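So the chains spell out like this:
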Amino acid sequence: MKLFPREGLVMENLNWIIVIALFLGGVFFIVLAVLRSRKAKMAAENWPTVAGGVLSSEVIIHRSHSSRGYTTVNYMPKVSYEYQVNGQKFMGDAIGFGTATFGKKKADEIAAKYPQGAPVTVHYDPANPSKAVLETRSVGGGNFIALGIILIATGFMYLYVVS
């Protein structure tokens, strides 16, 4: 006689909860990437532009250390710029929608497109001119899609292993 006759039922429910959580997490990240991309597309079509100027342009180094002693280095281009809307000055630092880190070469290429003192075209939100971007594209969306696919695939693998 089993001491806990419902133990198998609990484990089966727990397995389904894990699978559903992985699927929902994957779908969440994919939807997030799609929404960012859609926002960028709408901005490209609807946000007005003004002339601006680059105040600074650099590549910031991000180092992260794992508990196993590994160090990962990523690079993020950072561009600060100023622009005017209806006589009011604003400063921005968003290149595109979202943030992402890159390899050194790619980050250097992006920062080099915006040297200090260079004129730039700034796309701004007409409802809130303090929100602006230099490029109407989603940044880092590919990472969200990849993460979503990995979570969904993990859910399928988990489902296969436990069944």
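Figured I'd write up the structure that's included with this text. In this text the structure is predicted, and so the values were computed from the model without any measurement. (Residues numbered from 1 in each chain as written. Predicted model: local features only at pLDDT ≥ 70, side-chain atom pairs only at ≥ 80, totals over all residues. Heavy atoms only, no water.)

1. A short note on the sheet that holds strand 3 (residues 88–92)
Rules: When DSSP finds two or more bridges between two strands, those strands count as paired. Every helix listed is a DSSP run of H or I at least four residues long, and every strand listed is a run of E at least two residues long, numbered separately from the N terminus. Angles run from 0 to 180 degrees between N-to-C directions of axes, and those axes are lines fitted to C-alpha atoms, restricted for helices to the stretch in contact. Contact definition: two residues touch when any of their heavy atoms are within 4.5 Å.
With respect to topology, 5 strands assemble into an open sheet ordered 3-2-1-4-5, the strand pairing being antiparallel. Two strands in the sheet have a free side with no partner beyond their single neighbour: strand 3 and strand 5 (128–133). Here the average twist between neighbouring strands, direction ignored, is 40 degrees. Sheet topology places strand 1 (residues 49–65) next to strand 2 (residues 71–85); 13 bridges connect them, and they run antiparallel. Across the sheet, residue I60 finds its bridge partner in strand 2, namely M76. In the packing of helix 2 (residues 104–112) onto the sheet, contacts are made with strand 1 and strand 2, and the angle to strand 2 comes to roughly 10 degrees.

2. Details of a nonpolar patch on the surface
Spelled out, the test is: What makes a patch is a set of residues exposed beyond 30% relative accessible area and free of salt bridges, joined within 9 Å when like-charged and within 5 Å when nonpolar (Val, Leu, Ile, Met, Phe, Trp, Tyr). Using a 1.4 Å probe, the Shrake-Rupley method yields the accessible areas, and only the shown protein chains count as cover for residues. Salt-bridge detection follows one rule: a side-chain nitrogen of Lys or Arg within 4 Å of a carboxyl oxygen of Asp or Glu.
A surface patch of nonpolar side chains, amounting to about 320 Å² of accessible area, comprises W16, I20 and L24. Relative to the assigned elements, W16 resides in helix 1 (residues 7–46).

3. Examining helix 2
How we decide: Throughout this description, buried means an accessible area under 20% of the type-specific maximum (1.4 Å probe, protein chains only), exposed means over 50%, and partly exposed covers the range between. This arc describes the spread of directions from the helix axis toward the C-beta atoms.
Looking at helix 2, one finds that the buried residues are A107, I110 and A111. One side of helix 2 carries all its buried residues, which in axial view fall inside an arc of 95 degrees. Of the residues in helix 2, the exposed ones pointing more than 90 degrees away from the buried face are K105 and A112. Buried residues along helix 2 sit in contact with strand 1 and strand 2.

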